[in-house]
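# An overview of the molecular structure
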Amino acid sequence: MLVGYARVSTTHQSLDVQIEQLAAHGVEKMFQEQISGKSASNRPQLKAALDFCREGDTFLVTRLDRFARSAQDLHNIVAALTVKGVGFRCLQQGGLDTTTSHGKLMLGILAAVAEFELDIRQERQREGIEKAKVRGVYRGGKQRFDPAEARKLRDDGMKPRAIARELKCSPATVYRLLG
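Heads up: these notes are all about the structure in this document.

Right, let's talk about the packing of aromatic side chains for a bit. Two numbers describe a pair of aromatic rings. These are the distance of the centres and the angle of the planes. Going through the model one piece at a time under the given rule, you end up with five aromatic pairs. Look at Phe59 and Phe67: their rings are 5.5 Å apart centre to centre, the planes differ by 45°, and that puts the pair in the tilted class. Here the two residues Phe59 and Phe67 agree in accessibility, since each one is buried. Centre to centre, the rings of Phe59 and Phe88 are 6.5 Å apart; their planes meet at 20°, and the pair counts as stacked. In this pair, Phe59 sits in strand E3 (residues 58-61) while Phe88 sits in strand E4 (residues 87-90), placing the two residues 29 residues apart along the sequence. Like Phe88, Phe59 is buried. One aromatic cluster is present, built from ring pairs that chain together Tyr5, Phe59, Phe67 and Phe88. Of note, Lys29 hangs over the ring of Phe31, and the distance from its end group to the ring centre comes to 5.4 Å. Against the face of Phe52 rests Lys29, its NZ or CZ located 5.6 Å from the ring centre.

Here the focus is the packing of helix H3 (residues 71-83) against helix H4 (residues 101-135). Each pair of packed helices gets described by two things: the angle between the helix axes and the distance between those axes. In contact at an axis separation of 8 Å, H3 and H4 are set at 145° when each is read in the N-to-C sense. Residues Ala71, Gln72, Leu74, His75 and Val78 of H3 pack against Leu107, Gly108, Ala111, Ala112 and Glu115 of H4. Taken together, the residues that form the contact of H3 with H4 break down as six nonpolar, three polar and one charged.

Moving on to helix H5 (residues 147-155). When H5 is considered as a whole, its buried residues turn out to be Pro147, Ala150 and Leu153. Around the axis of H5, the buried residues are gathered within 120° of arc, so they sit on the same side. Facing away from the buried surface of H5 by more than 90 degrees, the exposed residues are Lys152 and Asp155. Where H5 is buried, its residues contact helix H6 (160-167) and helix H7 (171-178). Looking one or two residues past H5, Gly157 carries a phi angle of roughly 100°, positive in sign.

All right, on to the nonpolar core then. Judged by nonpolar contacts, the single largest core of 24 residues is most densely connected at Phe59, Phe67, Leu74, Leu81 and Phe88. Elements with a minimum of two residues in this core: strand E1 (2-8), helix H2 (44-52), E3, H3, E4 and H4. For this core, the element with the highest residue contribution is H3, accounting for five residues. Residues in contact with Phe88, not counting those within four places in the same chain, are Thr58, Phe59, Val61, Leu64, Phe67, Val78, Leu81, Leu96, Asp97, Thr98 and Leu107.

Let us now look at the pattern of salt bridges. As enumerated under the stated definition, the model contains three salt bridges in all. In this structure, Asp51 and Lys47 form a salt bridge, with 3.0 Å as the shortest nitrogen-oxygen distance. Pair noted here: Asp51 and Lys47 are both in helix H2, with a separation of four residues, about one helical turn. A salt bridge links Asp156 to Lys152; the shortest N-O distance between them is 2.9 Å.

Glancing now at the sheet that holds E3. Here we have four strands laid out as an open sheet, ordered E2-E1-E3-E4, and parallel in their pairing. The open sheet has two edge strands, strand E2 (29-34) and E4, and neither has a second partner. Across the sheet, the mean angle from the axis of one strand to that of its neighbour is 20°, orientation sign disregarded. Bridge analysis of E1 against E2 gives six bridges, and the strand direction is parallel. Residue pairing for E2: Val8 is matched across the bridge by Gln34.

Rules used in this analysis
Residues numbered from 1 in each chain as written. Predicted model: local features only at pLDDT ≥ 70, side-chain atom pairs only at ≥ 80, totals over all residues. Heavy atoms only, no water. Phe/Tyr/Trp six-rings, centres within 6.5 Å; stacked < 30°, edge-to-face > 60°. Buried < 20%, exposed > 50% of the residue type's maximum accessible area, 1.4 Å probe, protein only. Helix = DSSP H or I, 4+ residues; strand = E, 2+ residues; numbered from the N terminus. Lys NZ or Arg CZ within 6 Å of the ring centre and 35° of its normal. Axes fitted to C-alpha atoms, helices over the stretch in contact; angles between N-to-C directions. Contact = heavy atoms within 4.5 Å. Nonpolar A, V, L, I, M, F, W, Y, C, P; charged D, E, K, R; others polar. Arc of directions from axis to C-beta. Core = buried A, V, L, I, M, F, W, Y, C linked by side-chain atoms within 4.5 Å. Salt bridge = Lys/Arg side-chain N within 4 Å of Asp/Glu carboxyl O. Pairing = 2+ DSSP bridges.

This is the structure in structure tokens:
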């Protein structure tokens, strides 16, 4: 059976392109999620997909960065699939297929390149933020709610964790705002 996995980082992004590509390659069972991919351990649909796979199945993704964000994650997941007798294919990036010797070699190379790209992108982002801070133009992320609203809820007797749930933010944010 062909088992597919599609992921985007936020709910503002669309899974449509990945789903269409996987379906066009004959995927019979599809798992999808809209969640950050920094770690494989915090993605419930990825875990469900990996648990679903049985010996003889092939696990398909469209791109490596939709599947794993570090070489270590990639190797761990592919090793777990291999132990179960499940092949792994990536539709883009050279049609990576771990059921062949060439595919296994390409997996290692592409995993290293993907991790390098992530590191470089994060480094550029940090440099840009530092330059903006020096110029005095960095203001942080967009404000998602009015801090006065958090203070009002506290004054009304609500506890910080309840305020966080109400405002859909982390408790740390509420504690920081309320001093």
